[in-house]
Amino acid sequence: MGDNELGTFLRGRRESVTPAEVGLPGGPRRRTPGLRRAELATLAGVSVEYLTRLEQGRDRNPSVQVLGALADALLLSLADRMLLRRLTKEADGGDPLVCAAAPPLSRTIRPTVRVLLDRLEPGPAVVLNWIGDVLAHTEGYARLTRPLGLLDAERPNLVRHLFTDPRARDAFPDWDRVADDLVARLRHEVPLHDPYVTELADELAVTAGAEFTDRYAEIGAIPRGVGSRLVDHPVAGRLRLLHETLALPDDGQRMIVHLPADDATAAALDRLQGRRPGALRAVPSTG
């Protein structure tokens, strides 16, 4: 694509999107294939002049909010959103630096926490760091979430999976509520100006667009540490799970334990684990 890969990419995608795909009239006198610059600028909420500078390579450092808006307006796939983010980083001279003074992001758990997880078998339980990376889990959690695709990545992340894997939308009938809670936790229960959160938020602003950024901008949202969750599991069927969140503040981690909320869910989880009914007991909800 030459030395203006970002601009070439944006123009190519703009010219490949038809007006009808974004709800605009086509008209008989269109000299430009796909969308006009003015149309894309309006859809993305930027000026035509700014979009022109991006396409011509005279501006190579758009904000993540602009990238997310352009990705939404161009109906980009997840793969194209990832490419857009990579091209932007390369145009700007590489990945942003991580603040050297920031505390290291934990990616291991203490032996005592591992013992606690082992004691929770066959229940689904997981330990996450503050940006939602999966650090350790019970086998019960693996059997529950592996068919959902959560553990497919080399470094699984709960937030990234929810916003970028279509299987997550199929799995959670109350996807919006789950998304609200995860982003509220990412927004409010992490170190102030944390570079790891910023990096993940910048990534998701591009790969997930407004569905993530609108939630991330909602300052008043408060995460819930307890509650219930519906899961449409491809193997076990519909599950109703309660969850408790246990903080491990010294490590910047949290343990989430899932419990069956009714007898049908308890029996389904037992079948999923290859156990006879009765290994897991339903816990009545108080809320």
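Residues numbered from 1 in each chain as written. Predicted model: local features only at pLDDT ≥ 70, side-chain atom pairs only at ≥ 80, totals over all residues. Heavy atoms only, no water.

Comments concerning the overall build of the protein
In step 1: When helices and strands are tallied, the protein shows 13 helices and 5 strands.
In step 2: Referenced to the eigenvectors of the C-alpha coordinate spread, the extents of the protein come out at roughly 70 × 50 × 35 Å.
In step 3: A total of 287 residues make up the protein; the buried ones form 47% of that total.
In step 4: If you take every contact in the protein between residues at least 6 apart in sequence, the share linking residues at least 24 apart comes to 53%. (Helix = DSSP H or I, 4+ residues; strand = E, 2+ residues; numbered from the N terminus. Buried < 20%, exposed > 50% of the residue type's maximum accessible area, 1.4 Å probe, protein only. Contact = heavy atoms within 4.5 Å.)

Observations concerning the packing of helix H4 (residues 64–73) against helix H11 (residues 195–207)
In step 1: Contact pair H4 / H11: the axes reach a minimum separation of 7 Å and the direction vectors enclose 25°. Looking at the two axes, H4 sits roughly parallel to H11. On H11, the residues that touch Val64, Leu67, Gly68 and Ala71 of H4 are Asp202, Ala205 and Val206.
In step 2: Counted by class, the contact of H4 with H11 contains 5 nonpolar, 1 polar and 1 charged residues. (Axes fitted to C-alpha atoms, helices over the stretch in contact; angles between N-to-C directions. Parallel < 35°, antiparallel > 145°, perpendicular 65-115°, else oblique. Nonpolar A, V, L, I, M, F, W, Y, C, P; charged D, E, K, R; others polar.)

Structural notes on unusual backbone geometry
In step 1: With an omega of 0°, the peptide bond between glutamate 121 and proline 122 qualifies as cis.
In step 2: A positive phi angle is found at leucine 75, which is not glycine, with a value near 55°.
In step 3: With respect to the element layout, leucine 75 can be found in the loop between H4 and helix H5 (78–91).

Things to note about the confidence of the model for the protein
In step 1: Mean pLDDT for the protein: 87, with 91% of residues reaching 70 or above.
In step 2: Here residues 95–102 is a poorly scored stretch, pLDDT under 50, and it has 8 contacts once near neighbours within four places are set aside; other chains count. (pLDDT = per-residue confidence, 0-100.)

A closer look at empty space enclosed by the protein
In step 1: Tallied over the entire structure, the rule returns 4 cavities of 30 Å³ or more.
In step 2: For the largest cavity, the calculated volume is near 220 Å³.
In step 3: Residue lining of the largest cavity: 17 residues in total, with Tyr141, Thr145, Leu158, Phe172 and Arg229 positioned closest to the centre.
In step 4: Those elements that place two or more of their residues in the lining of the largest cavity are helix H7 (139–145), helix H8 (158–164), helix H10 (175–188), strand S3 (226–233) and strand S5 (253–260).
In step 5: Among the residues forming the lining of the largest cavity, the class breakdown is 13 nonpolar, 3 polar and 1 charged.
In step 6: If you add up the space inside the second largest cavity, you get close to 100 Å³.
In step 7: Considering the residues around the second largest cavity, the lining is formed by Leu158, Asp181, Leu182, Arg185, Arg224, Arg229, His243, Thr245, Arg254 and Ile256.
In step 8: Of all the secondary-structure elements, those providing two or more residues to the lining of the second largest cavity are H10, strand S4 (237–248) and S5.
In step 9: Counting residues per element, the lining of the second largest cavity draws most heavily on H10, at 3 residues.
In step 10: When its residues are assigned to classes, the lining of the second largest cavity shows 3 nonpolar, 2 polar and 5 charged. (1 Å grid on protein atoms, 1.4 Å probe; cavity = no way out; pocket = protein on both sides within 12 Å on 5 of 7 lines; lining within 4 Å. Points joined across faces, edges and corners; volume = space filled by probe spheres on them.)

Examining the nonpolar core
In step 1: Counting 42 residues, the largest nonpolar core has Ile131, Leu162, Phe163, Phe212 and Leu239 as its most contacted members.
In step 2: Of all elements in the fold, only strand S1 (125–129), H7, H8, helix H9 (166–171), H10, H11, S4 and helix H13 (263–272) reach the threshold of two or more residues within this core.
In step 3: It is H10 that provides the largest number of residues to this core, a total of 6 residues.
In step 4: With residues up to four places along the chain from it excluded, the contact list for phenylalanine 163 reads Trp175, Ala179, Val183, Leu204, Ala208, Glu211, Phe212 and Arg215. (Core = buried A, V, L, I, M, F, W, Y, C linked by side-chain atoms within 4.5 Å.)

Focus on the sheet that holds strand S2 (residues 134–137)
In step 1: If you walk across this open sheet you meet the 5 strands as S2-S1-S5-S4-S3, and the pairing is antiparallel. Both outer strands of the open sheet, S2 and S3, are each paired with one neighbouring strand and no more. Each strand of the sheet is rotated relative to its neighbour by a mean of 30°, with strand direction disregarded.
In step 2: In this structure, S1 lies alongside S5, joined through 5 bridges in antiparallel fashion. Looking across to S5, one finds that alanine 125 is bridged to valine 257.
In step 3: Relative to the sheet, H13 contacts S3, S4 and S5, its axis offset from that of S4 by approximately 85°. (Pairing = 2+ DSSP bridges.)

Structural notes on the pattern of salt bridges
In step 1: Under the definition given, this model contains 17 salt bridges.
In step 2: Across the salt bridge formed by arginine 11 and glutamate 15, the nearest N and O atoms sit 2.9 Å from each other. Of this pair, arginine 11 and glutamate 15 both sit in helix H1 (residues 5–16), 4 residues apart, roughly one helical turn.
In step 3: Under the relative-accessibility criterion, glutamate 15 is labelled partly exposed at 27%.
In step 4: Measuring nitrogen to oxygen at the nearest pair gives 2.8 Å for the salt bridge that ties arginine 215 to aspartate 176. Residue arginine 215 is located in helix H12 (residues 210–216), and its partner aspartate 176 is located in helix H10; the two are separated by 39 residues in the primary sequence.
In step 5: In this structure, a network of salt bridges that share partners links the residues Arg14, Arg37 and Glu55. (Salt bridge = Lys/Arg side-chain N within 4 Å of Asp/Glu carboxyl O.)

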